[in-house]
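# Structural features, examined
In case you want the letters, here they are:
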Amino acid sequence: MGCLRSFSKVALAACAVAACSQPTACYAFAPVSFVTKTTTPLKNQSPSNTVVAAVVDPWILQEASSSSLLAYSDDPLGDLMFGANGVVVAGILAAFIAIGVGFVALVPKVGSAKFTLTEEEEEAVYRVVNGFDSKPWEKELTEAGTKGYVNRRRQAVESKEAYQKGKLARDMKDKSLRYSEADLGFVACLLRAAQPLPGSVLVDLGSGCGRSTLGCATIFPEFSKCVGIEFIPELVTLANGYKSKVKGKTALVEFRSGDFAEEDLSEADLVFVGPASYMSDKDLLPVFETLRSGAKVMTVDKRLGAGFELIAQVDDPSGDLVLNTGFVYAKL
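Residues numbered from 1 in each chain as written. Predicted model: local features only at pLDDT ≥ 70, side-chain atom pairs only at ≥ 80, totals over all residues. Heavy atoms only, no water.

Across its full length, the protein chain carries 10 helices and 15 strands. Counting only residues that meet the buried cut, the protein chain has 38% of its 332 residues in that class. (Helix = DSSP H or I, 4+ residues; strand = E, 2+ residues; numbered from the N terminus. Buried < 20%, exposed > 50% of the residue type's maximum accessible area, 1.4 Å probe, protein only.)

With mixed pairing, seven strands are arranged side by side in an open sheet as 11-10-9-12-13-15-14. Each end of this open sheet is capped by a strand with a single partner; those strands are strand 11 (253-257) and strand 14 (308-315). Sheet twist, expressed as the mean angle between neighbouring strand axes with direction ignored, is 20°. Running over the sheet, helix 9 (residues 233-243) touches strand 10 (225-230) and strand 11 and is turned about 165° from strand 11. (Pairing = 2+ DSSP bridges. Axes fitted to C-alpha atoms, helices over the stretch in contact; angles between N-to-C directions. Contact = heavy atoms within 4.5 Å.)

Closest axis-to-axis distance for the helix 7 (residues 184-194)/helix 8 (residues 211-219) pair is 10 Å, and the angle between their directions is 50°. Here helix 7 is positioned oblique relative to helix 8, judged by the angle of their axes. In this structure, helix 7 crosses over helix 8, and the sense of that crossing is right-handed. Contacts between helix 7 and helix 8 pair Leu 184, Val 187, Ala 188 and Leu 191 from the former with Arg 211, Ser 212, Gly 215, Cys 216 and Ile 219 from the latter. When the residues that make up the contact of helix 7 with helix 8 are grouped by side-chain class, the tally is six nonpolar, two polar and one charged. (Parallel < 35°, antiparallel > 145°, perpendicular 65-115°, else oblique. Left-handed = near helix turned anticlockwise from the far one by under 90°. Nonpolar A, V, L, I, M, F, W, Y, C, P; charged D, E, K, R; others polar.)

Inspection of the secondary structure puts Asp 133 in the loop between helix 4 (119-132) and helix 5 (136-139). In this structure the C-alpha to C-alpha distance between Asp 133 and Gly 148, which are 15 residues apart in sequence, comes to 5.5 Å.

Here the focus is unusual backbone geometry. The residue Gln 195 is not glycine, and still its phi comes out positive at about 50°. Note that Gln 195 resides in the loop between helix 7 and strand 9 (201-205). Gln 195 gets classed as exposed once you look at its relative accessible area, which sits at 58%. Unlike most non-glycine residues, Asp 301 shows phi in positive territory, near 60°. Looking at the secondary structure, you find Asp 301 in the loop between strand 13 (296-300) and strand 14.

For the rest of this paragraph, the subject is the packing of helix 6 (residues 147-164) against helix 9. Direction vectors running N to C along helix 6 and helix 9 enclose 150°, while the axes themselves pass 9 Å from each other. It follows that helix 6 is roughly antiparallel to helix 9 by the angle criterion. Taken together, the residues of helix 9 that come into contact with helix 6 (itself represented by Arg 152, Gln 155, Ala 156 and Ser 159) are Glu 234, Leu 235, Leu 238 and Tyr 242. Per-class residue counts for the contact of helix 6 with helix 9 are four nonpolar, two polar and two charged.

Here we take up the pairing of strand 13. For strand 13, a buried count of four out of five residues is recorded, marking the element as mostly surrounded by other parts of the structure. Judged from the five bridges that link them, strand 12 (residues 270-275) and strand 13 form a sheet pairing that is parallel. Of the residues in strand 13, the one forming a bridge with Phe 272 is Met 298. Of the pairings in the sheet, the one linking strand 13 to strand 15 (residues 325-331) comprises five bridges and is antiparallel in character. The residue bridging Thr 299 from the neighbouring strand is Phe 327, located in strand 15.

Turning to the state of the cysteines, a few remarks are in order. Counted according to the given criterion, the structure contains zero disulfides. Here Cys 216 is not disulfide-linked; the sulfur of Cys 226 is the nearest cysteine sulfur, at 5.9 Å. Note on Cys 226: relative accessible area 0%, which makes it buried. (Disulfide = S-S within 2.5 Å.)

Another point: helix 8. For helix 8, a buried count of nine out of nine residues is recorded, marking the element as mostly surrounded by other parts of the structure. What helix 8 keeps buried is the set Arg 211, Ser 212, Thr 213, Leu 214, Gly 215, Cys 216, Ala 217, Thr 218 and Ile 219.

Glancing now at the side chain of Lys 331. By the secondary structure assignment, Lys 331 is in strand 15. This buried residue, Lys 331, is left without a salt bridge; Glu 289 holds the nearest opposite charge, at 7.7 Å. A distance of 2.7 Å separates the side chain of Lys 331 from the backbone oxygen of Leu 291, its partner in a polar contact. Setting aside anything within four residues of it in sequence, one finds Lys 331 in contact with Phe 288, Glu 289, Thr 290, Leu 291, Arg 292, Ser 293, Gly 294, Ala 295, Gly 307 and Phe 308. (Lys, Arg positive; Asp, Glu negative; His and termini not counted. Salt bridge = Lys/Arg side-chain N within 4 Å of Asp/Glu carboxyl O. Polar contact = N/O pair within 3.5 Å; in protein donor to acceptor, adjacent residues only side chain to side chain.)

Let's shift gears to the confidence of the model for the protein chain. Low pLDDT marks stretches whose predicted atomic positions should not be read closely. Across the protein chain, the average pLDDT comes to 76, with 61% of residues at 70 or higher. Long-range and interchain partners of residues 64-73, a stretch whose pLDDT sits below 50, account for 23 contacts in this model, where long-range means more than four residues apart. Ignoring residues within four places in sequence, the model shows residues 103-112, a span with pLDDT below 50, making eight contacts including any to other chains. (pLDDT = per-residue confidence, 0-100.)

Right under this line is the structure:
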């Protein structure tokens, strides 16, 4: 269906649409006060093929004759572009081209960059990854990660649902419990930035299946002890099962079932809080009250406020669309 384009000095405010059995229709635009309707037969058509036309006041036609152009068009998009400023259109097209070129250049880099690790760190990370995904089927990749990770997450979700079953919302410690695993390359870089001393104690809050805890114990085996605290007992059982699967030298590892918000951290020299942006300050701050001055806290995507000094920041170099930021704090 076409449209009648009118460019006039007169502000036209109403439209009378003519319709007929033919696949065309005419549009006339004029102020309401100047329009009347009439029904007339189409030329060379039977009286039954009629069209409603807009009869426009002669003053309008006279005014339009000297300043307007009436043209029929079957290209609505062309109509819109007809009156557009050429410079503006060129600028828009150039912007789209620049965005497209930038996106094409970015795609090969997405996820291609990795954390820069020492040979010792790479070897330690490999041992932990291979311990958690030791079977061939566990190493297979899916869109969500390895099949081993997907299986661990499924077990965590089932354990959470079993914990919450039959409880009222007010009786649940945390309705937002969820499972996640930190990139062990990220953990290695955070440990390097934190500069732990041999013989120090690390505590992992919300240790899940123990991957980050065992990662810390393997990457820096000079810890005297690495303690993982997990709220759901079934995950503690799974974590203890992985201890024997991580081969080679590691620090002593202990997993505890409990509420880390009630844990005494006075013995901790270094605390790790993994991908935990969902953890509220209400949960974390009471725990840190028992942390001694000078102790350090490593976090992922979690900033600490008063009472802590930021000593290092570690950025995720992977270049994907879900960037993480690590922080190392010292308690004042």
